[in-house]
Amino acid sequence: MTEQVIVNGIYSGVQYALIALGLTLIFALMNVLNFAHGQMYVLGAFVTYYVYGVLGLPFWLALVATALTLGIVGVLFEKFLFRPVLRRSSREESSMLLAAGTALLLESLILIVFGEKHRGVPSVVSGVIKIGDAYLPMGRLLVIVLSAILIGGFILFMQYTKPGRALRALAQDREAAQLQGVDVGTYSMIGFAMGAMLAGMAGAMLVAISGVNSGLGTWISIKAFIMVMIGGAGVVSGAIVGGLILGMIESIGYQMLPGGETYLFIFIGLIIFLAIRPHGLMGKPWG
Amino acid sequence: MQLEATEIHVNYDHVRAVTGVSLSVGEGETVALIGANGAGKTTMLRAITGLTRPDSGEIRYEGHRLDTMAPNDIVRAGIAMVPEGRRVFPYMSVKDNLLIGAFARTDKNGVNATLEMVLGRFPRLKERYSQAAGTMSGGEQQMLVIGRALMAKPKLLLLDEPSLGIAPKLVQDIARSIVAINRDEKVSVLLVEQNSRMALRISHRAYALATGAVALEGASKELLQDDRVKRLYLGGEL
Ligand SMILES: Nc1ncnc2c1ncn2[C@@H]1O[C@H](COP(=O)(O)OP(=O)(O)OP(=O)(O)O)[C@@H](O)[C@H]1O
Ligand SMILES: [Mg+2]
């Protein structure tokens, strides 16, 4: 039974890490808390539902379509909403309110386009493997593997490529980055698009396992905020650690507290944790 | 002249930071910009690199108008700046700080050659190659940001108070590096300093700013002997 809890925790944790990574990237680059992150995740799920479930195209093609769609949404959000507001107002509540507005906007659009029904898709792979005493359906194994590849790819990109270095520099010191020739506009856009893509890819995997409905977004955003608070805002390692910890705690909670009090305890624990460690586990501006 | 700023005015909200400064830097020259706290030295450098837009005036560099260009394009035109307070990327390694300095360049072989040159000039950076820049000493960070600026292979290097908060012995090293860079790499230098003595010793010409305007200008050798300069900028140490 403990083995099953661990396997479930890892399954949720890697997806959560993917979500938190996107949120923390946007935060580090633009100092914007992307309230619409959960809605981007839901949009990603619906695109995959449409391409794979409705059109019947291959799953990998659905993933590509999801990445492209969310990339475009990210570019549009940055260029036409956040950039003008951040340029005109240095007050933090301006971008906060805008971010909240974009969440409501995206949620309404998703509701209009995809409706309010819960949607699922046929299994991508079938079968179950047994790890010790734990069962792991192949579909979930696929999600774990894909998420790990995306997280690993993201880290390698940030660490070893020229655009990755530019994004890190921008997050650490905007002006100094400009002095090295980094175009703030272009790279903010790239960063926002990448953050949106990461959320969308997590959503694409969700729909393959448990389906999606248009109301999930806010709850996912809240979970993403929790992960980032645990790990430390704006830190790559913090997002990954925060995601894995939340996934594991959730898995343990669901096992021990079938009554649904899990999140009550998570919130209480989080408040106590933040009182002791307000910057989270890895708290520093950018890693 | 390689760089020519004419009648520059810069206001921050209601503060008049620079009021009608004209200055120039010729090819191969080292020019010092000295003056007390708040005189407008940093503001002038920020205007040249495009980080702050002048309210009026004109900045020309090799025939281009800089005052309408974005900072990231100004680097590409050949101007690199070592900003006030160093501003290393603290969570990036020394290596990545240097590589990002070459961000605007596309000549891969040239970048490797420059990297060799920088590490040769500042062997300390080679020893600390993988260390996070934010954990280095102030002097090491200063070497790093000078190296980072050189990685852009600039034709004009702007330095904002490279001696600030650094041990006296290291100030001498940094001063020697600036002279060597100017001479060996054929880079013109515009050096902002509060350590006026050091700045006047290593420069060809100098401007002294006072409350946003040029109070004195001339050959550095002569300014070093000037009574007003001695009184106002060199203290009682002579
Ligand atoms: N961002 C800003 N907002 C408002 N006023 C500013 C700003 N930056 C500089 N100033 C003001 O402009 C004037 C010139 O500042 P500047 O930083 O150019 O001086 P400086 O000669 O570099 O001084 P220091 O030697 O202390 O670095 C000062 O009065 C300063 O208070
Ligand atoms: Mg200054």
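Calculation rules
- Residues numbered from 1 in each chain as written.
- Chains lettered and ligands numbered in written order.
- Predicted model: local features only at pLDDT ≥ 70, side-chain atom pairs only at ≥ 80, totals over all residues.
- Heavy atoms only, no water.
- Helix = DSSP H or I, 4+ residues; strand = E, 2+ residues; numbered from the N terminus.
- Rg over C-alpha atoms; globule rule 2.2 N^0.38 Å.
- Buried < 20%, exposed > 50% of the residue type's maximum accessible area, 1.4 Å probe, protein only.
- Contact = heavy atoms within 4.5 Å.
- Areas by Shrake-Rupley, 256 points an atom, 1.4 Å probe, with all protein chains shown as cover.
- Lys, Arg positive; Asp, Glu negative; His and termini not counted.
- Charge placed at Lys NZ, Arg CZ, Asp CG, Glu CD.
- Pairing = 2+ DSSP bridges.
- Axes fitted to C-alpha atoms, helices over the stretch in contact; angles between N-to-C directions.
- Left-handed = near helix turned anticlockwise from the far one by under 90°.
- Nonpolar A, V, L, I, M, F, W, Y, C, P; charged D, E, K, R; others polar.
- pLDDT = per-residue confidence, 0-100.
- Donors = N, O, S within 2.8 Å, 3.2 Å for Na, K, Ca; no water.
- Expected span 1.5 Å × (residues − 1).
- Polar contact = N/O pair within 3.5 Å; in protein donor to acceptor, adjacent residues only side chain to side chain.
- Buried area = accessible area lost by both parts, 1.4 Å probe.
- Salt bridge = Lys/Arg side-chain N within 4 Å of Asp/Glu carboxyl O.
- Near = heavy atom within 4 Å.

S.K.: So what exactly am I meant to see when it comes to the overall build of chain A here?
M.R.: Helices and strands together make up the secondary structure of chain A, namely 11 helices and two strands. Listed N to C, the secondary structure of chain A is α-α-α-α-β-β-α-α-α-α-α-α-α in terms of helices and strands. Over its C-alpha trace chain A gives a radius of gyration of 19 Å, about what one expects of a compact globule, namely 19 Å for 287 residues. Each principal axis of the C-alpha atoms in chain A carries an extent, and together these give about 55 × 50 × 35 Å. In chain A, which comprises 287 residues, the share counted as buried stands at 51%. Considering only contacts within chain A whose residues lie at least 6 apart along the sequence, 77% involve residues at least 24 apart. Carbon and sulfur atoms make up 70% of the accessible area of chain A, which totals about 12500 Å².

S.K.: Help me understand the overall build of chain B, please; the structure alone is not making it clear to me.
M.R.: Tallying secondary structure elements over chain B gives 10 helices and 10 strands in all. What you see for chain B is a C-alpha radius of gyration of 17 Å, in line with the 18 Å of a compact globule of 238 residues. Overall, chain B is about 45 × 40 × 35 Å in size when its C-alpha atoms are taken along their principal axes. Pairs at least 24 apart in sequence give 67% of the contacts found in chain B among residues at least 6 apart. Taken as a whole, chain B presents about 10300 Å² of accessible surface, with 49% of it coming from carbon and sulfur. Between the centroid of the 30 positive side chains of chain B and the centroid of its 27 negative side chains there is a distance of 4 Å.

S.K.: How should the environment of Gly-215 of chain A be read in this particular structure?
M.R.: All names here are of chain A. If you trace the backbone, Gly-215 turns up in the loop between helix 8 (184-209) and helix 9 (217-231). On the basis of relative accessibility, which here comes to 47%, the residue Gly-215 falls in the partly exposed class. Considering only alpha carbons, one finds Gly-215 and Tyr-49, 166 residues apart in sequence, at a separation of 15 Å.

S.K.: For this particular structure, what's the right way to read the sheet that holds strand 8 (residues 188-193) of chain B?
M.R.: The strands making up a sheet are joined through hydrogen bonds of the backbone, oriented either antiparallel or parallel. Residues and elements named next belong to chain B. The sheet built from six strands is open, its strands ordered 6-7-8-3-9-10 with mixed pairing. This sheet does not close on itself; its edge strands, each paired only once, are strand 6 (79-82) and strand 10 (213-219). For this sheet the average axis-to-axis angle between neighbouring strands, irrespective of direction, equals 15°. Alignment of strand 9 (residues 205-210) against strand 10, held across six bridges, turns out to be antiparallel. Its bridge partner lying in strand 10, Ala-210 is registered against Ala-213. Against the sheet, helix 6 (residues 138-150) touches strand 6 and strand 7 (156-160), its axis set at about 170° to strand 6. This element, helix 7 (residues 168-184), spans strand 3 (30-35), strand 7 and strand 8 of the sheet and lies at about 160° to strand 8.

S.K.: Would you explain the packing of helix 9 of chain A against helix 10 (residues 236-256) of chain A in this entry?
M.R.: Angle between the axes and distance between the axes are the two parameters that describe a pair of packed helices. Residue and element names in this part refer to chain A. Remark: helix 9 packs on helix 10, axes separated minimally by 7 Å, with the N-to-C direction vectors making an angle of 115°. The element helix 9 and its partner helix 10 pack so that their crossing is right-handed. Facing helix 9, whose interface residues are Lys-223, Ile-226, Met-227, Ile-230 and Gly-231, helix 10 presents Gly-238, Gly-242, Gly-243, Ile-245, Leu-246 and Glu-250. Across the contact of helix 9 with helix 10, the residue classes tally to five nonpolar, four polar and two charged.

S.K.: Where do I start with the confidence of the model for chain B in this structure?
M.R.: The predicted coordinates should not be examined in detail at positions where pLDDT is low. Residue and element names in this part refer to chain B. On average, residues of chain B carry a pLDDT of 94, and 98% of them reach 70 or more. The weakest mean pLDDT in chain B belongs to helix 10 (residues 227-233) at 81; the strongest belongs to strand 7 at 98. The ipTM, which scores confidence in the relative placement of chains, is 0.93 for this predicted complex, and the corresponding pTM is 0.92.

S.K.: Teacher, can you tell me more about the sheet that holds strand 4 (residues 56-61) of chain B here?
M.R.: All names here are of chain B. Ordered in space as 2-1-4-5, the four strands form an open sheet in which the pairing is antiparallel. Looking at which strands have only one partner, the edges of the open sheet turn out to be strand 2 (15-25) and strand 5 (64-65). Taken together, the eight bridges between strand 1 (residues 3-12) and strand 2 define a ladder with antiparallel strand orientation. Following the sheet pairing, Asn-11 is matched in strand 2 by Arg-16. In the packing of helix 1 (residues 41-49) onto the sheet, the strands contacted are strand 1, strand 2 and strand 4, and the crossing angle to strand 1 comes to about 115°.

S.K.: Sorry, what's going on with the coordination of the magnesium ion (ligand 2) here?
M.R.: Around a metal, the ideal angle is 109.5 degrees if four donors adopt a tetrahedral arrangement and 90 or 180 degrees if six donors adopt an octahedral arrangement. Within the protein, the magnesium ion (ligand 2) binds to Thr-42 of chain B (OG1) and Glu-84 of chain B (OE); these donor distances fall in the range 1.9 to 2.7 Å. Residue Thr-42 of chain B is located in helix 1, and its partner Glu-84 of chain B is located in the loop between strand 6 and helix 3 (94-101); the two are separated by 42 residues in the primary sequence.

S.K.: Whenever I open this one, helix 8 of chain A confuses me. Can you help?
M.R.: An α-helical turn contains 3.6 residues, so a residue and the one three or four places further along point in the same direction. Residue and element names in this part refer to chain A. Between its first and last C-alpha, helix 8 extends 38 Å over 26 residues, near the 38 Å set by a 1.5 Å rise per residue. With 21 of 26 residues buried, helix 8 is to be regarded as a mostly interior element. The backbone nitrogen of Gly-185 lies 3.1 Å from a side-chain oxygen of the residue at the head of helix 8, namely Asp-183. Positive phi shows up at Gly-211, right after helix 8, with a value of about 80°.

S.K.: Where do I start with the interface of chain B and chain A in this structure?
M.R.: The parts lose accessible area when they come together, and the size of an interface is often stated as this lost area. Listed by partner, the interface residues are 23 residues for chain B and 22 residues for chain A. For the pair chain B and chain A, the two sides together bury roughly 2100 Å², of which 58% comes from carbon and sulfur. Of all residues in chain B, the largest losses of buried area upon contact with chain A belong to Phe-89, Tyr-91 and Phe-103 of chain B, amounting jointly to 34% of the total for that side. At the boundary of chain B with chain A, the tally comes to five salt bridges. Across the pair Asp-96 of chain B and Arg-165 of chain A runs a salt bridge whose closest N-O atoms are separated by 3.9 Å. At the boundary of chain B with chain A, the tally comes to eight residue pairs in polar contact (both at pLDDT 80 or more). Where the side of chain B that touches chain A is concerned, the elements lending two or more residues are helix 1, helix 2 (71-77) and helix 3 of chain B. Split into classes, the residues belonging to the side of chain B that touches chain A amount to 14 nonpolar, three polar and six charged.

S.K.: Would you mind going over the site of ligand 1 with me for this structure?
M.R.: All names here are of chain B. Taken together, 14 residues lie near ligand 1, and Lys-41, Thr-42, Thr-43, Glu-84 and Gln-194 sit nearest. Note that an oxygen atom of ligand 1 is positioned 2.5 Å from one of the side-chain N or O atoms of Thr-43. Between an oxygen atom of ligand 1 and a side-chain N or O atom of Glu-84, the distance comes to 2.7 Å. A total of 630 Å² of accessible area belongs to ligand 1 in isolation, and the protein chains cover 64% of it. Going through the elements one at a time, strand 2 and helix 1 are the ones with two or more residues in the shell around ligand 1. Looking at the shell around ligand 1 residue by residue, the classes come out as five nonpolar, six polar and three charged.

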